[in-house]
Amino acid sequence: MEIRDTIAAIATGLTDSGIGIVRISGENAVWTGNEIFRSPSGKKTLCNGIDHMLYYGYAYDAEREFVIDEVMAVVMRAPKSFTGEDTVEIQCHGGVLVMQKILDAALKCGVRLAEPGEFTKRAFLNGRIDLSRAEAVMDVIRSQNDYALASSVKQLTGILSKEIKRLREEILYQVAFIESAIDDPEHFSTEGYQEVLALKTDVLMNNIRRLIDTAENGRLIKEGINTVIVGKPNVGKSSLLNCLVGEERAIVTDVAGTTRDVLRETVRLGNICLNVVDTAGIRETEDTVEKIGVKRAFEYADDADLVIYVVDASVALDENDREIISFIKDKNRIVLLNKTDLMSKVTEKEIEDLFEEVLKNQLKDASNQSLKVVKTSFKDGSGMEEFEQAVKEMFFREEIQSSNEIVITNMRHKKALEEAYASLTLVKKSLDEGMPEDFYSIDMMDAYASLGRITGEEVNDDLVEEIFSRFCMGK
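Let us look at the structure shown here. Sequence order as written defines the numbering, with residues in each chain counted from 1. Local features in a predicted model are, by the rule used here, given only for residues with pLDDT of at least 70; side-chain atom pairs are given and counted only at 80 or more, and totals for whole chains, interfaces and linings are based on all residues. Calculated side-chain values reflect all of the structure's heavy atoms, with hydrogen atoms and water omitted.

**Side note on the overall build of the protein**
Reasoning step 1: Helix numbering and strand numbering both begin at the N terminus, where a helix is a DSSP run of H or I of at least 4 residues and a strand a DSSP run of E of at least 2. The helix and strand inventory of the protein stands at 17 helices and 13 strands.
Reasoning step 2: Residues count as neighbours in contact if any of their non-hydrogen atoms are within 4.5 Å of one another. The contacts in the protein between residues at least 6 apart in sequence include a share of 69% that link residues at least 24 apart.
Reasoning step 3: Shrake-Rupley sampling with a 1.4 Å probe provides the accessible areas, and residues are treated as covered by the protein chains on show and by no other component. Accessible surface, the protein as shown: approximately 23,100 Å² in total, 50% of it carbon and sulfur.

**A word on the environment of Glu65**
Reasoning step 1: Relative to the assigned elements, Glu65 resides in the loop between β4 (54-61) and β5 (66-76).
Reasoning step 2: Spatially, the C-alpha atoms of Glu65 and Ile36 are 9.4 Å apart, while their sequence positions differ by 29 residues.
Reasoning step 3: Excluding residues within four positions of it along the chain, Glu65 makes contact with Arg38 and Tyr60.

**Things to note about the environment of Ser441**
Reasoning step 1: For Ser441, the location among the structural elements is in helix α16 (residues 437-455).
Reasoning step 2: Classification of residues uses two cut-offs on accessible area relative to the type maximum, computed with a 1.4 Å probe and protein chains only: under 20% is buried, over 50% is exposed, and between them is partly exposed. Residue classification places Ser441 among the buried residues on the basis of a relative accessible area of 5%.
Reasoning step 3: Counting along the chain gives 14 residues from Ser441 to Val427, while the straight-line C-alpha distance between them is 8.3 Å.
Reasoning step 4: If we ignore the near neighbours within four places in the chain, the residues touching Ser441 are Val175, Ile178 and Glu179.

**Thoughts on the sheet that holds strand β7 (residues 112-113)**
Reasoning step 1: Across the sheet, seven strands lie side by side as β3-β4-β5-β6-β2-β1-β7; this open sheet has mixed pairing. Looking along the sheet, the strands with just one partner apiece sit at the ends: β3 (37-38) and β7.
Reasoning step 2: As defined by bridge partners, strand β1 (residues 7-10) adjoins β7 across two bridges and the pair is classed as parallel. The residue bridging Ile7 from the neighbouring strand is Arg112, located in β7.
Reasoning step 3: Where helices are involved, their axes are fitted lines through C-alpha atoms of the stretch in contact, as for all axes, and angles between N-to-C directions lie from 0 to 180°. Taken strand by strand, helix α3 (residues 118-125) contacts β1, β2 (17-25) and β7, and its axis lies near 135° from that of β1. When DSSP finds two or more bridges between a pair of strands, those strands are recorded as paired.

**Side note on the sheet that holds strand β8 (residues 225-230)**
Reasoning step 1: If you trace the six strands from one edge of the open sheet to the other, you get β9-β10-β8-β11-β12-β13, paired in mixed fashion. Edge positions in the open sheet fall to β9 (263-269) and β13 (372-375), since each of these has one partner strand only. This sheet shows a mean twist of 25° between the axes of neighbouring strands, independent of strand direction.
Reasoning step 2: Here β9 runs beside strand β10 (residues 272-278); their pairing, made up of seven bridges, is antiparallel. When the bridges of β10 are listed, Leu269 appears paired with Ile272.

**Overview of the pairing of strand β11 (residues 306-312)**
Reasoning step 1: Here β11 lies mainly inside the structure; seven of its seven residues are buried.
Reasoning step 2: In β11, alternate side chains face the same way, and those of Leu306, Ile308, Val310 and Asp312 on one face and Val307, Tyr309 and Val311 on the other are all buried.
Reasoning step 3: Pairing between β8 and β11: four bridges, direction parallel. Residue Val228 lies in a different strand from β11, and its bridge partner there is Val307.
Reasoning step 4: Direction of pairing for β11 relative to strand β12 (residues 333-338): parallel, over a ladder of six bridges. Within β12, the position partnered with Ile308 by the bridge is Ile334.
Reasoning step 5: For the handedness criterion, the strands are oriented away from the viewer, and a crossover whose path from the first strand over the helix to the second runs clockwise is classed as right-handed. Tracing the backbone out of β11, into helix α11 (residues 319-327) and back to the parallel element β12 gives a crossover that is right-handed.

**A closer look at helix α1 (residues 29-36)**
Reasoning step 1: Across the eight residues of α1, seven count as buried, placing the element largely inside the fold.
Reasoning step 2: Inspection of α1 places Ala29, Val30, Thr32, Gly33, Asn34, Glu35 and Ile36 among the buried residues, and these make up the whole buried set.
Reasoning step 3: The inward-facing, buried residues of α1 contact β2, β3, β4, β5, β6 (87-94) and α2 (96-108).

**A word on α2**
Reasoning step 1: The terminal C-alpha atoms of α2 lie 18 Å apart, and with 13 residues this matches the ideal 18 Å at 1.5 Å per residue to within 8%.
Reasoning step 2: For α2, every residue scored as buried is listed here: Met99, Ile102, Leu103, Ala105 and Ala106. Looking straight down α2, one finds its buried side chains confined to an arc of 155°; they lie on one side.
Reasoning step 3: In the segment just after α2, Gly110 is the residue with positive phi, at about 100°. Helix span, as expected, comes to 1.5 Å for every residue beyond the first. Starting at the helix axis, one direction is taken to each C-beta atom, and the arc is that of these directions.

**Digging into the pairing of β6**
Reasoning step 1: Extensive coverage of β6 is indicated by the burial of six of its eight residues.
Reasoning step 2: Looking at chain direction, β2 and β6 are connected through eight bridges and run antiparallel. Within β6, the position partnered with Ser25 by the bridge is Thr87.
Reasoning step 3: As paired elements, β5 and β6 share five bridges and run antiparallel to each other.

**Section: the nonpolar core**
Reasoning step 1: Here, the term nonpolar core denotes a set of buried Ala, Val, Leu, Ile, Met, Phe, Trp, Tyr and Cys residues that are joined through side-chain atoms within 4.5 Å. The biggest cluster of nonpolar side chains holds 30 residues, and the ones touching the most others in it are Ile171, Leu197, Ile208, Leu417, Leu424, Met444 and Leu451.
Reasoning step 2: Among the secondary structure elements, those contributing two or more residues to this core are α6 (159-183), α7 (193-213), α15 (411-432) and α16.
Reasoning step 3: Here the element with the most residues in this core is α7; it accounts for eight residues.
Reasoning step 4: Not counting residues up to four positions away in its chain, the partners in contact with Ile171 are Leu204, Met444, Ala447, Tyr448 and Leu451.
Reasoning step 5: Of all hydrophobic cores here, the second largest spans 29 residues; its members include Tyr147, Val235, Val267 and Phe378.

Dropping the structure here:
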């Protein structure tokens with residue numbers, strides 16, 4: 001795809017802030033910047049400017065010759081820029097009107113307003129970055145926790161790209177050998193090669209499976225842990241939500257059954273992102289509306305990554321607790337023994353014993369089911385640090401932030417890896433059945449193409465447009 005026009009956009013948020021940046025990229029970027037920017041002496045200096053050096057001066061409306069703002073400007077000539085093209089960035093005061101006027105001044109010089117994600121798309125099309133690194137740019141911007149940021153930055157540095165490139169090179173080497181042996185059997189012998197290819201294919205499949213297996217953790221890192229709070233009425237579920245959010249989001253009263261519908265909030269618990277749903281109290285009831293709320297509580301808990309079971313320590317356990325335990329038996333669960341600031345009628349041991357009693361006839365491995373019980377008081381916030389640590393231990397390892405382990409956070413990448421794995425499975429099947437060599441070659445090339453879709457070497461224009469249309473303006 002040939003790119004010849006010059007584009008411009010506001011690269012910072014459209015809100016009042018300390019600094020704003022207007023970015024211009026393309027073959028006329030330096031000329032356009034030169035028309036807008038003046039040094040304190042009034043001279044146009046950017047055309048002769050040194051690359052990657054900040055220049056102080058003023059932004060002008062070249063058409064009407066009036067000063068817009070006091071600015072700093074930098075020229076980054078191709079190929080040493082983000083897009084791989086000549087680029088000028090003008091740093092101004094971060095008022096929306098100021099940024100818009102500088103952008104308008106650029107547009108009057110004949111440049112075009114950039115589409116969402118077009119700067120990053122040009123970086124991809126110009127070979128500065130591959131598609132996986134381009135997608136990591138937006139993942140960095142949208143990161144909501146430390147784990148997501150660390151994973152996105154690692155992918156931005158090319159750690160996934162390098163692994164995919166290595167896998168593709170290994171596949172291509174094997175395909176090249178097979179094709180050479182078919183075309184020139186006198187010089188390339190396939191004697192014993194099936195055994196070699198079987199071992200190579202096993203290694204490739206193991207490497208790809210290892211990546212696929214990280215995708216579930218990757219989803220939790222990127223999108224957050226879908227969390228549902230369950231418990232009997234008036235145990236403190238809504239108080240927990242308010243405690244996590246840091247404000248009075250849910251109504252809290254002494255009246256049982258106050259929450260009848262679900263409440264949703266996305267909260268940060270330390271460096272963990274939780275997509276929290278507060279549900280109606282679970283109990284036997286004749287109230288029609290409350291029955292619907294209880295039904296929804298079970299439905300949301302069924303789909304959750306994590307169930308937080310809140311128990312009132314000041315009220316004895318009963319059949320409603322048995323029903324809840326029976327339902328969440330095979331879920332990731334944490335029990336919060338709440339209201340420990342009051343006279344306790346329930347101990348951690350009693351909860352553990354009830355779990356064991358309820359589950360022993362339902363799960364064969366019930367004795368091996370780990371149960372985390374945390375004593376809390378949402379009134380004074382005690383126990384929340386221990387709760388945060390319990391969530392971390394359940395879902396994440398500390399090494400995620402510091403190691404070189406690749407975590408797949410993009411579901412498009414996961415799908416491509418699964419397709420490559422399926423193709424290699426067919427190679428193994430052909431080997432086991434003693435099929436001719438050209439069968440191996442076809443399936444190996446399918447795997448090669450699937451992996452290429454991750455880095456963008458095997459994608460069509462429509463997919464490229466779809467991916468970059470999700471980017472924010474100016475990136």
